[in-house]
Amino acid sequence: MDLKIAATKVSQSPTLPGNKDNKKKFDIASLLEEGPLSIQGTGDSATGLDEKLRKAYFWVTNYAIINPFYDIEYNNTPPTQFTIGDFKTKIVLPSGQSYSSFVLLPLLTLIVRGKCLLVGGPGRGKTASAILMAVLAGYPLKEIKRSIQHGQPQMTITDLLGNPLPSDLMNAKSMEEIKISWRKWLGMRVKVIDEYNRIPTRTQSALLTVLGDNYAELFDQVFECPDAAWYLTANDDAGGGTYQVIEALKDRIDVVVKALHFNTRFIRDLLQRVEDNFKPETMVPPEIIFNESEIESMGEEIRNIEFPEPLRRRMEFFASQFEFFEPGGEQIEYKTKDTVKLSGVDFSVFSASDQGKDKKKDLGSQTKNGLSVRAIFTCINYAKALAYFRGESAVSLDDLSHILPFVLHDKLVQNPDSPFFEEPGHQVYRSDRISWIRKLFELSCAEYDRLGLDKNDPVANLSHIFEQGLEGLSSGDTKERILAIELEVEKISKQRKLYGHVYDDLLKLKYLHQRYTNYLNWIQTSK
């Protein structure tokens, strides 16, 4: 089979068997703008942008990248599993449509305009994958290759951003008169930074401004950059290289994706590419190339994907496990790992005094930090994007479980002294961070189920009552609600151990108590 001929074809619809229509929610504004819905409905989802996105994914996996890995697993029925060897290596054969993270995560990054770090050894297709994403966004191949910023030790800020015009430097009487010849890559909506860990520290700071704030600045002149999907590559995921990557730059990265090894059973496919002179980046079918308005539309549709409340509660419970650190402060608000980090005192000094809890079961003992607002936002955004890609109208538990490891890969810092990693079979989690974070979420969900929080969550109930609003609430009713909060705090105070999720519950109760107290004081003084 001639690859050049085969690669002109894309998968037939529907790419997702049994896919349900992704029906739009009723919106009175849409009704006024678009008119009433037709009798036939809103149309077949198989012809929508999510279907086009899946076609792009399957074309890349079938023709562009030799990547026979399906590490994002979905099951319609219990999967077939086998255990092999002395180390009890498990192989799972998924019963549902499953995906390769090395292709899927960069593709989701394109539509949410996120920031994706591709890590792995040299020659494993990291830059090639980034180039393919830019081609899918409609950029000509020559323009893409010329726009790639190649990290190297001599890279200066002007190499990265642009140069002042020499005549202006000579003749300008003020900084405002100096014109800058900005680099063209700054105006592109797909940006590729190759080997970003070889960029000097000072130049990394300039890159941080562009990546984090969407503008570049030289000689008091500012270039406003458009929203863009970013692809950065590195040969390892520890920030190593010629220069250590600054923490603020690493924190801006949304997802970390590993370029896995080459499976030698596919050398035949590689040989055929050599013999056919097949270059997939030059053969992308026009049917799977996205224009700007399509990417904008997909972004809007992704934002409309539902994140169900029961799933949100599980995510809240998971995220609450990590920040709390009882020995870190005296006042309850400052009993956090962030307090310890800002103090500059070694974490292990405080960790030794954190007594009383079972550190093998306490998920918070496994990390040296908690989750930032940015990390939680990114988890939600990519989970919605994954649900959208799968043709679903709401995020599922599986969607969230698959996204968390790639978002939190560089966000959660392991505590190597945690007894958890000394348990039999747990040493592997020191190196396999993807599986470690999946295990964390699995343990969190198991504890959530054990506590029965889906059926009985007093703090959630008190929150729901508060969300009904304060307008018109009488002084007597307000006092009753304050009393209910105090009784719940008293109930929690009888527990012998304080864990992360309980800590967040206490702070939420204190917040509710203060809101009601302020309202009660306002009622009493306004009479």
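Residues numbered from 1 in each chain as written. Predicted model: local features only at pLDDT ≥ 70, side-chain atom pairs only at ≥ 80, totals over all residues. Heavy atoms only, no water.

Asks: Can you walk me through the overall build of the protein in this structure?
Replies: Helix and strand content of the protein: 21 helices and 11 strands. Its C-alpha atoms give the protein a radius of gyration of 26 Å, near enough to 24 Å, the size a compact globule of 527 residues would have. C-alpha atoms of the protein, sized along the principal axes, occupy 80 × 70 × 65 Å. Looking at the protein residue by residue over its 527 residues, the buried ones come to 45%. Summarising the internal contacts of the protein: among those between residues at least 6 apart in sequence, 77% fall at separations of at least 24. With the model as given, the accessible surface of the protein reaches about 27,600 Å², and the carbon-plus-sulfur share is 53%. Between the mean site of the 65 positive side-chain charges and the mean site of the 72 negative ones, the protein shows a separation of 3 Å. (Helix = DSSP H or I, 4+ residues; strand = E, 2+ residues; numbered from the N terminus. Rg over C-alpha atoms; globule rule 2.2 N^0.38 Å. Buried < 20%, exposed > 50% of the residue type's maximum accessible area, 1.4 Å probe, protein only. Contact = heavy atoms within 4.5 Å. Areas by Shrake-Rupley, 256 points an atom, 1.4 Å probe, with all protein chains shown as cover. Lys, Arg positive; Asp, Glu negative; His and termini not counted. Charge placed at Lys NZ, Arg CZ, Asp CG, Glu CD.)

Asks: Would you take a moment to explain the layout of surface pockets for this structure?
Replies: A water-sized probe rolled over the atoms picks out the places where empty space is left. Counted as a void, the largest pocket has a volume near 1,700 Å³. Lining the largest pocket we find 34 residues, and of these Glu-73, Lys-90, Val-92, Ser-435 and Arg-438 sit closest to its centre. Among the secondary structure elements, those contributing two or more residues to the lining of the largest pocket are strand E1 (80-84), strand E2 (89-93), helix H17 (397-408) and helix H18 (433-451). Counted by class, the lining of the largest pocket contains 15 nonpolar, 9 polar and 10 charged residues. Taken as a whole, the second largest pocket encloses approximately 1,400 Å³ of empty space. (1 Å grid on protein atoms, 1.4 Å probe; cavity = no way out; pocket = protein on both sides within 12 Å on 5 of 7 lines; lining within 4 Å. Points joined across faces, edges and corners; volume = space filled by probe spheres on them. Nonpolar A, V, L, I, M, F, W, Y, C, P; charged D, E, K, R; others polar.)

Asks: Just checking my understanding: could you explain the side chain of Asn-214 for this structure?
Replies: Within the secondary structure, Asn-214 sits in the loop between helix H9 (201-213) and strand E8 (215-218). Of the polar contacts made by the side chain of Asn-214, one reaches the side chain of Asp-227; its length is 2.9 Å. Leaving out residues up to four positions away in the same chain, Asn-214 has contacts with Thr-209, Phe-223, Glu-224, Cys-225, Pro-226 and Asp-227. (Polar contact = N/O pair within 3.5 Å; in protein donor to acceptor, adjacent residues only side chain to side chain.)

Asks: Could you clarify how one ought to interpret the pairing of E8 in this entry?
Replies: Within a regular strand, side chains alternate between the sheet's two faces. Side chains Ala-216 and Leu-218 of E8 all project onto a buried face; the interleaved residues Tyr-215 and Glu-217 project onto a face where none is buried. Where E8 and strand E9 (residues 221-224) come together, 4 bridges link them in antiparallel fashion. Residue pairing across strands places Leu-218 opposite Gln-221, the latter belonging to E9. (Pairing = 2+ DSSP bridges.)

Asks: Explanation requested: empty space enclosed by the protein in the structure shown.
Replies: Scanning the entire structure with this criterion turns up 1 cavity of 30 Å³ or more. Of the volumes computed, that of the largest cavity is approximately 30 Å³. Lining of the largest cavity is provided by Met-315, Phe-318, Ala-319, Leu-371, Ile-376, Cys-379, Leu-404 and Leu-408. No other element matches helix H13 (residues 309-319), which puts 3 residues into the lining of the largest cavity. Of the residues belonging to the lining of the largest cavity, the class tally is 8 nonpolar, no polar and no charged.

Asks: Hey, could you run me through helix H19 (residues 458-467) in this one?
Replies: Since the α-helix advances by 3.6 residues per turn, residues separated by three or four positions end up pointing in the same direction. Turning to H19, its buried residues are Val-459, Ala-460, Leu-462, Ser-463 and Phe-466. Within H19, the buried residues cover an arc of 160° as seen down the axis, which keeps them to one side. Of the surrounding secondary structure, the elements contacted by the buried residues of H19 are helix H20 (475-493) and helix H21 (500-526). Once H19 finishes, Gly-469 follows within two positions and takes phi at roughly 105°, a positive value. (Arc of directions from axis to C-beta.)

Asks: Please explain the packing of aromatic side chains as it appears in this structure.
Replies: Where two aromatic rings form a pair, the distance of their centres and the angle of their planes describe that pair. On inspection of all chains with the given rule, the structure shows 19 aromatic pairs. Ring geometry for Phe-317 against Tyr-448: centres 5.5 Å apart, planes inclined by 70°, an arrangement best described as edge-to-face. A residue pair is termed long-range when its members are at least 10 positions apart, and Phe-317 in helix H13 and Tyr-448 in helix H18 qualify at 131 residues. Here Tyr-448 falls in the buried class, since its relative accessible area comes to 2%. Measuring from centroid to centroid gives 6.1 Å for Phe-421 and Trp-436, while their planes differ by 50°, and the two rings are tilted. Taken together, the residues Phe-421 in the loop between H17 and H18 and Trp-436 in helix H18 connect sequence positions 15 residues apart. Here Trp-436 falls in the buried class, since its relative accessible area comes to 0%. (Phe/Tyr/Trp six-rings, centres within 6.5 Å; stacked < 30°, edge-to-face > 60°.)

Asks: Teacher, can you tell me more about the pattern of salt bridges here?
Replies: Close approach of charged atoms allows side chains of opposite charge to pair. This structure, assessed with the given rule, holds 21 salt bridges. For Arg-312, the salt bridge is made with Glu-309, and the minimal N-O distance between the two is 3.6 Å. Placement of the pair is Arg-312 and Glu-309 together in helix H13, with a separation of 3 residues, close to one helical turn. Notably, a salt bridge pairs Arg-430 with Glu-422, separated by 2.6 Å at the nearest N-O pair. With a relative accessible area of 33%, Arg-430 lands in the partly exposed category. Glu-422 gets classed as exposed once you look at its relative accessible area, which sits at 52%. Through salt bridges that share partners, Glu-309, Arg-312, Arg-313, Glu-316 and Asp-457 make up one connected network. (Salt bridge = Lys/Arg side-chain N within 4 Å of Asp/Glu carboxyl O.)

Asks: Explain a negative patch on the surface here, please?
Replies: The grouping of Glu-176, Glu-177, Glu-217 and Asp-220 at the surface amounts to a negative patch. Turning to its location among the elements, Glu-177 is positioned in the loop between helix H8 (166-171) and strand E6 (180-182). (Patch = residues over 30% accessible without salt bridge, like charges linked within 9 Å, V, L, I, M, F, W, Y side chains within 5 Å.)

Asks: How should I be thinking about a nonpolar patch on the surface in this particular structure?
Replies: Taken together, the side chains of Phe-82, Ile-84, Ile-91 and Leu-93 define a hydrophobic patch exposed on the protein surface, amounting to about 360 Å² of accessible area. At the level of secondary structure, the elements contributing two or more residues to the nonpolar patch comprise E1 and E2. Tracing the sequence through the fold places Phe-82 in strand E1.

Asks: Please explain the nonpolar core as it appears in this structure.
Replies: Across soluble globular proteins, nonpolar side chains have a tendency to be buried as a group. Counting 89 residues, the largest nonpolar core has Trp-59, Tyr-99, Leu-108, Leu-110, Leu-136 and Leu-408 as the members making the most contacts within it. In contact with Leu-110, other than residues within four places in its own chain, are Met-133, Leu-136, Ala-137, Val-190, Ala-229, Tyr-231 and Ile-295. Membership of the second largest hydrophobic core comes to 31 residues, among which are Leu-160, Ile-193, Leu-207 and Ile-253. (Core = buried A, V, L, I, M, F, W, Y, C linked by side-chain atoms within 4.5 Å.)

Asks: For this particular structure, what's the right way to read the confidence of the model for the protein?
Replies: Keep in mind that low pLDDT regions are not for reading the predicted coordinates in detail. This prediction gives the protein a mean pLDDT of 90; 91% of its residues lie at or above 70. Counted against residues more than four places away or in other chains, residues 21-26, with its pLDDT under 50, gives 13 contacts. Ignoring residues within four places in sequence, the model shows residues 30-46, a span with pLDDT below 50, making 17 contacts including any to other chains. (pLDDT = per-residue confidence, 0-100.)

Asks: It is not clear to me how the sheet that holds strand E11 (residues 255-258) should be interpreted in this structure. Could you clarify?
Replies: Paired through their backbone hydrogen bonds, the strands of a sheet run either parallel or antiparallel. Strand order in the open sheet formed by 5 strands is E4-E7-E10-E3-E11, and the pairing between neighbours is parallel. Looking at strand neighbours, the two that pair on one side only are strand E4 (149-150) and E11, the edges of this open sheet. Where strand E7 (residues 190-194) lies against strand E10 (residues 229-234), 4 bridges are found, and the strand directions are parallel. Bridge pairing in E10 places Val-192 opposite Tyr-231. Where helix H5 (residues 126-136) meets the sheet, its contacts fall on strand E3 (115-119), E7 and E10, and the angle it forms with E10 comes to roughly 170°. Its contacts with the sheet place H9 against E3, E7 and E10, and it is angled at close to 145° to E10. (Axes fitted to C-alpha atoms, helices over the stretch in contact; angles between N-to-C directions.)

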